[in-house]
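Listed here are the chains, written in short residue letters.
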Amino acid sequence: MNSTSEVPQTQRGGRRGRLASVVRRSPWLRSTFVYAAALGPGLIAANAGNDAAGIATYASAGSEFTYQTLFFMVLVTIALVTVQTMAVRLGAYTGKGIGALIREQFSLRLTALAMLCLLTANTGLVVAEFAGIGAAFELVGISRFWVVPIAALAIWGMVLFGSYRYAERVFLVLSLGFFAYPIAVVLVKPDWGQVASSLLVPNFSASSGFLLLGVALIGTTVSPYMQFYAAAAVVDRGAGPGEYRAARFDAATGAIFACVIAACIIIATGATIGGSGPLESAAEAAQALRPVAGDGAQMLFAIGLLGASALAGAVVPLSSSYAISEAIGVERSVSRRFREAPLFLGIFTVQIAVGATIALTPVNLIGLLIGTQVVQGLITPIVLTFILALANKKELLGSAANGPVFRIFATLLVSGISLMSVLLLLNTVLGFFGVAW
Amino acid sequence: MASTTGGAASAGETPDVARVGRGPGRGRLTLRREVRAAIVSAAGLIGAPVVNQAGQRVGRVVDLVARLHSAERYPPITGMLVRIGLRVSFLDARSIAAIRHRRVMLRSARLDLRDFRRRAGEVILAKDVLDHQLIDTDGRQVLRAADLYLAPVGPVIRLVGVDVSLGTLLRRLGPRMLRARPTPDRVIDWDAVTPFSEDLTAGPSTVQLRDTDRALRRMRPGDLADLLEDLDRTERQSLLDRLDPETAADALEEMEPVELEALLREAQPERAARLVASMEPDEAVDALRDLPGIERDDLLELMPEDARSTLSRLLAYPEREAGGFMTTVLATGRVDETVGQVRETLRERGEQRGEIDAVVILDADDALVADLPLWELLAHSPDESIEALLGDAEHHLAPATVDVTATVDEVAQQLVRTRRPSVLVVDDDGSPIGRILADDVLDALLPDRGRRRFPRLLQ
């Protein structure tokens, strides 16, 4: 539509600019300590990344490759910061969620593709959360065949009848158990020289195992739903262009914080059970917390896993319902009654049901957890491409659109992630025909 | 298959049909059988071939242009963007002979093409309206247009309705053949639609209002508040533009505090200040309390002097005490006035009718003597003096008062004890400074009735 004149939606600065400057005055304090004390959005964003699937994937990375994936995690951190920045910018400058932007800026078919990807990735994640709940209870000897259906019903009911907000705080406190990982890293006294060199020196292995785990690490860290959430949260606060810098700072520190915790999980696990092959059980993963909790390691791990899984178990399906309802343009609030928002709650219910059902199939839970993250990793590049294309649009963002340097950098990044997914797909397909990598 | 002709074929119809009917629902085009039969899907037309009289294909439809913002009930299609070869040009509606499902037929072999330049009120349909938010004023809901329906009305092709059904979205996802087929059973008549488009606010200010904008103003504040909450940022500000400050302020008072906070933060400071100043003082104070300190001070600075001083004074009271949630709107009368004079005072304050349920009566020394329910003013003759009126029944007209530091519970107790619809708030000297209505207490006592939006679940 080159023949039409566009009015870029950039606006004002004054009042917001001043607010942003106050927010920036003590940024570090605000983003780490204050947030941690107030259980604010930054902490939740960080914690939502470190859910059941995340823990399993990071622990598996430590167990199979010791510190070898650390450099890769540095790259993933850069990717996460870049993508979150774009998502937050879209929210701040347009005041719309990513679901709505995709519907308005791209064709309906592309919108359907994006939503299908998000739904698939998120349903995979819901499977992982219920698998996590199952694994947590199996650690203390309770069968998942009892626990998973009850947990599914409980989460579904709490969201529907409005008591989830209270339960959420309990889950959040439980999930703080995973903050034992940084302590474990200090106590376990890893070979710091080796950790440092793994962080700084590129170290890739051409094995299919490494490729698989790499895609899973991307999937679990740069989760598609987190980008949708980041934009929605900015819009919801009424944060405009003037507050973008503060919002970007929050998003970036939150992302780095999440990745530091992830690296701690890898290091702690690597130092205790590193080199023992792929992670096989939650009990094995719990060994990494032994330096902190001794014999209570299993219990601590179980509590953290339960909290993180239950927390994400409601948030993830809600985020897909929200994005899809927004794209379709129907009632998107979490209303009390089912008939007020049939589509919203229908999508929510189906995800919970599918997630719980798959988590009940008699497969290895850790394998299932990592498998869902591989699926996420395969879908991530598609969703990232949408976000990149939106953030590149001058007619949408005006002067806030990606500049040439940022555009090249982000394109390289998304291409790199896509390349890994394609390689993994090729590897898998070739594997079907008996061609070893 | 129905075809639509834009020319002389339908000469029997009044060209002015689009203006027939005044009230909502009357004269709606999509209720007419011949219009429904002639409906063409705009989504299906995008990418459709443009053929000349000889049936030769000369180009493809890129988009449709309609004069969306004018006094006309049903926007006329003023032209099309057509791709011919590599170039996209504007084709005036006058050269179009007819539109059919998936085909546009030209009137003559000669093409009058020029570059597109947006004229007043014009909007590009597929790009700016289709798939964007709009308001259904009948259903009082915010929707996204799944398809736009066109039909010939007299000599012009008009936008007659919008489809929002899920089935239509699925139809558009399907193969091209199916995509063009309209499904008018779920159509919302354009008469009940308030559209948005980016440049609406930038457009000429002389654009007249359609009936739907009047329908918006007739809506209950609570319904308008729901609409404001469901709209995206630009659309929301655009809706505020179309409401007069009083209507907008009434709607804002009904919004969820968090939604209102977001709205005020994203609005231009001047407009936010104007809106807050138009709100009832107690609601305005609540809204201001929710804002960060700097933004609050900025808004107060931009307000007219009287609003600023009232609100600043109210803000000084703690939120959970009577002073923090009272309204300062008080109608006062004096003992030496007549009933008729007091009635006259009330008549001048019609705007505040929601806040005034009784008249504060002061004596010559400005001391509080009574709180006179409006009923008393009706029941007594205009010539009677207030003094005489009070003499009859002073005991049950004694003012029900609470201290400025009273808690919600204490206010509620006082309401129950006195069985009044409101109580007066008095300062240390016993002079009245505000009023608390029973519904304000209800608001404070009832649990949060807000709708829970997903992003907020995590905060």
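Residues numbered from 1 in each chain as written. Chains lettered and ligands numbered in written order. Predicted model: local features only at pLDDT ≥ 70, side-chain atom pairs only at ≥ 80, totals over all residues. Heavy atoms only, no water.

Quick look at the overall build of chain B
Across its full length, chain B holds 20 helices and 22 strands. Each of the 459 residues in chain B was classed as buried or not, and the buried ones make up 54%. For chain B, the share of sequence-separated contacts (at least 6 apart) that also reach a separation of at least 24 residues comes to 62%. On chain B, roughly 20,200 Å² of surface is accessible, and the fraction owed to carbon and sulfur atoms is 50%. (Helix = DSSP H or I, 4+ residues; strand = E, 2+ residues; numbered from the N terminus. Buried < 20%, exposed > 50% of the residue type's maximum accessible area, 1.4 Å probe, protein only. Contact = heavy atoms within 4.5 Å. Areas by Shrake-Rupley, 256 points an atom, 1.4 Å probe, with all protein chains shown as cover.)

Thoughts on the overall build of chain A
Summing up its helical and strand segments, chain A has 21 helices and 0 strands in all. Residues classed as buried in chain A amount to 58% of the 437 residues present. Excluding contacts between residues fewer than 6 apart, the proportion of contacts in chain A whose partners are at least 24 apart in sequence is 83%. About 16,000 Å² of surface is accessible on chain A, with carbon and sulfur atoms providing 71% of the total.

Notes on the packing of helix H7 (residues 221-230) of chain B against helix H9 (residues 245-253) of chain B
Residue and element names in this part refer to chain B. At a minimum axis distance of 7 Å, the contact between H7 and H9 shows a crossing angle of 80 degrees. What the angle tells us is that H7 and H9 run roughly perpendicular. Along the contact surface, H7 presents Pro221, Leu224, Ala225 and Leu228, while H9 presents Thr247, Asp250, Ala251 and Leu252. Looking at the contact of H7 with H9 residue by residue, the class counts come to 6 nonpolar, 1 polar and 1 charged. (Axes fitted to C-alpha atoms, helices over the stretch in contact; angles between N-to-C directions. Parallel < 35°, antiparallel > 145°, perpendicular 65-115°, else oblique. Nonpolar A, V, L, I, M, F, W, Y, C, P; charged D, E, K, R; others polar.)

Focus: the packing of aromatic side chains
Residue and element names in this part refer to chain A. Within the structure shown, the criterion is met by 7 aromatic pairs over all chains. Taking the centre distance of 5.7 Å and the plane angle of 65 degrees together, the rings of Tyr93 and Tyr244 count as edge-to-face. In this pair, Tyr93 sits in helix H5 (residues 70-94) while Tyr244 sits in helix H14 (residues 244-273), placing the two residues 151 residues apart along the sequence. Classification of Tyr244 by relative accessible area gives buried; the value is 8%. Every member of this aromatic cluster is reached through a ring pair, and the members are Phe178, Tyr181 and Phe301. Seen from the ring of Phe406, Arg89 lies directly overhead, with NZ or CZ sitting 5.2 Å from the centre. (Phe/Tyr/Trp six-rings, centres within 6.5 Å; stacked < 30°, edge-to-face > 60°. Lys NZ or Arg CZ within 6 Å of the ring centre and 35° of its normal.)

Quick notes on the confidence of the model for chain B
Residue and element names in this part refer to chain B. Overall, the prediction assigns chain B a mean pLDDT of 81, with 86% of residues at 70 or greater. Contacts for the low-pLDDT stretch residues 1-23, under 50 throughout, to residues beyond four places or in other chains number 45 contacts. Scored below 50 in pLDDT, residues 200-208 makes 10 contacts in the model with residues more than four places away or belonging to other chains. The complex model carries a pTM of 0.80, and its ipTM stands at 0.76. (pLDDT = per-residue confidence, 0-100.)

Focus on empty space enclosed by the protein
Residues and elements named next belong to chain A. If you walk through the whole model with that rule in mind, you get 7 cavities of 30 Å³ or more. By volume, the second largest cavity is sized at about 60 Å³. Looking at the second largest cavity, it is lined by 11 residues, and the ones nearest its centre are Phe228, Ala232, Ser319, Tyr322 and Ala323. In terms of residue count, the dominant contributor to the lining of the second largest cavity is helix H17 (residues 297-328) (4 residues). Of the residues contributing to the lining of the second largest cavity, the split by class is 7 nonpolar, 3 polar and 1 charged. (1 Å grid on protein atoms, 1.4 Å probe; cavity = no way out; pocket = protein on both sides within 12 Å on 5 of 7 lines; lining within 4 Å. Points joined across faces, edges and corners; volume = space filled by probe spheres on them.)

Structural notes on a nonpolar patch on the surface
All names here are of chain A. A contiguous nonpolar patch, built from Val74, Leu75, Ile78, Leu199, Leu200, Val201, Phe204 and Phe409 and spanning about 680 Å² of accessible area, is present on the exposed surface. At the level of secondary structure, the elements contributing two or more residues to the nonpolar patch comprise H5 and helix H11 (192-200). Per-element accounting of the nonpolar patch gives the leading share, 3 residues, to H5. Looking at the secondary structure, you find Val201 in the loop between H11 and helix H12 (208-221). Judged by its relative accessible area of 46%, Val201 falls in the partly exposed class. (Patch = residues over 30% accessible without salt bridge, like charges linked within 9 Å, V, L, I, M, F, W, Y side chains within 5 Å. Salt bridge = Lys/Arg side-chain N within 4 Å of Asp/Glu carboxyl O.)

Points about the sheet that holds strand E12 (residues 141-144) of chain B
All names here are of chain B. Strand order in the open sheet made by the 3 strands is E12-E11-E16, with antiparallel pairing throughout. One side of each edge strand has no neighbouring strand; the edge strands of this open sheet are E12 and strand E16 (193-195). Neighbour-to-neighbour, the strand axes of the sheet open up by a mean angle of 35 degrees, direction not taken into account. Sheet topology places strand E11 (residues 133-136) next to E12; 4 bridges connect them, and they run antiparallel. Residue pairing for E12: Ile135 is matched across the bridge by Val142. (Pairing = 2+ DSSP bridges.)

Here we look at the nonpolar core
Core analysis: the biggest nonpolar cluster contains 144 residues, and A:Phe130, A:Tyr181 and A:Phe301 have the highest contact counts within it. Ranked by residues supplied to this core, first place goes to helix H7 (residues 108-139) of chain A with 16 residues. Not counting residues within four places of it along the chain, the set of residues in contact with A:Tyr181 comprises A:Ile55, A:Cys264, A:Ile265, A:Ala268, A:Thr269, A:Ala285, A:Ala288, A:Leu289 and A:Phe301. The next biggest cluster of nonpolar side chains, apart from the first, holds 55 residues, and it includes B:Ile135, B:Ala225, B:Leu227 and B:Leu243. (Core = buried A, V, L, I, M, F, W, Y, C linked by side-chain atoms within 4.5 Å.)

Here we look at the sheet that holds strand E17 (residues 331-334) of chain B
Residue and element names in this part refer to chain B. One open sheet accounts for 3 strands, arranged E17-E18-E19; its pairing is mixed. Looking at which strands have only one partner, the edges of the open sheet turn out to be E17 and strand E19 (368-373). Each strand of the sheet is rotated relative to its neighbour by a mean of 30 degrees, with strand direction disregarded.

Side note on the confidence of the model for chain A
Atom-level detail of predicted coordinates should not be read off regions where pLDDT is low. Looking at chain A, pLDDT values average 81 and 85% of them are 70 or higher. Taken together, the stretch residues 1-40 of chain A has pLDDT below 50 and engages in 78 contacts with residues farther than four places along the chain or on a different chain.

With respect to the pairing of strand E8 (residues 103-106) of chain B
All names here are of chain B. Pairing of strand E3 (residues 49-51) with E8, which is carried by 2 bridges, proceeds in the parallel orientation. Bridging from a neighbouring strand, Val51 pairs with Met105 of E8. With 4 bridges connecting them, strand E7 (residues 96-100) and E8 associate as antiparallel partners. Residue pairing in the sheet places Arg100 in a bridge with Arg103 of E8. Between E7 and E8, which pair antiparallel in sequence order, lie 2 residues; one of them, Arg102, sits at a positive phi of approximately 60 degrees.

Thoughts on a negative patch on the surface
Judged by side-chain charge, B:Asp403, B:Asp409, B:Glu410, B:Asp428 and B:Asp429 come together as a negatively charged surface patch. Mapped onto the elements of the fold, B:Asp428 is located in the loop between strand E21 (422-426) and strand E22 (432-437). (Lys, Arg positive; Asp, Glu negative; His and termini not counted. Charge placed at Lys NZ, Arg CZ, Asp CG, Glu CD.)

Some points on the pattern of salt bridges
This model, assessed by the stated rule, comprises 36 salt bridges over all chains. Of the charged contacts, one joins B:Asp147 and B:Arg171 as a salt bridge, the two residues approaching to 2.9 Å between their closest N and O atoms. Separated by 24 residues along the polypeptide, B:Asp147 in strand E13 (residues 147-153) and B:Arg171 in helix H4 (residues 166-173) bring together distant segments of the chain. Exposure remark for B:Asp147: the relative accessible area of 0% places this residue in the buried category. On the accessibility criterion, B:Arg171 (10% relative accessible area) is buried. Salt bridges here are not isolated pairs; linked through shared partners, they connect A:Lys96, A:Glu104, B:Arg144, B:Asp232 and B:Glu235.

What about the packing of helix H4 (residues 52-65) of chain A against H12(A)?
Residues and elements named next belong to chain A. Where H4 meets H12, the closest approach of the two axes is 10 Å, and the angle between their N-to-C directions is 150 degrees. Looking at the two axes, H4 sits roughly antiparallel to H12. Crossing handedness for the pair H4 and H12: left-handed. Side by side, H4 and H12 meet where Ala53, Gly54, Thr57, Tyr58, Ser60, Ala61 and Phe65 of the first sit next to Gly209, Phe210, Leu213, Ala216, Leu217, Thr220 and Thr221 of the second. Considering only residue class, the contact of H4 with H12 consists of 8 nonpolar, 6 polar and no charged. (Left-handed = near helix turned anticlockwise from the far one by under 90°.)

Quick look at the pairing of strand E5 (residues 77-84) of chain B
All names here are of chain B. For E5, the tally of buried residues reaches 6 of 8 residues, placing the bulk of the element in the interior. Looking at chain direction, strand E4 (residues 57-67) and E5 are connected through 6 bridges and run antiparallel. Counted as the bridge partner of Arg60 is Arg83 from E5. Where E5 lies against strand E6 (residues 87-92), 6 bridges are found, and the strand directions are antiparallel. Considered in E6, the bridge of Arg83 is made with Val88. The turn linking E5 back onto E6 is made up of 2 residues, and Gly85 within it adopts a positive phi angle of 65 degrees.

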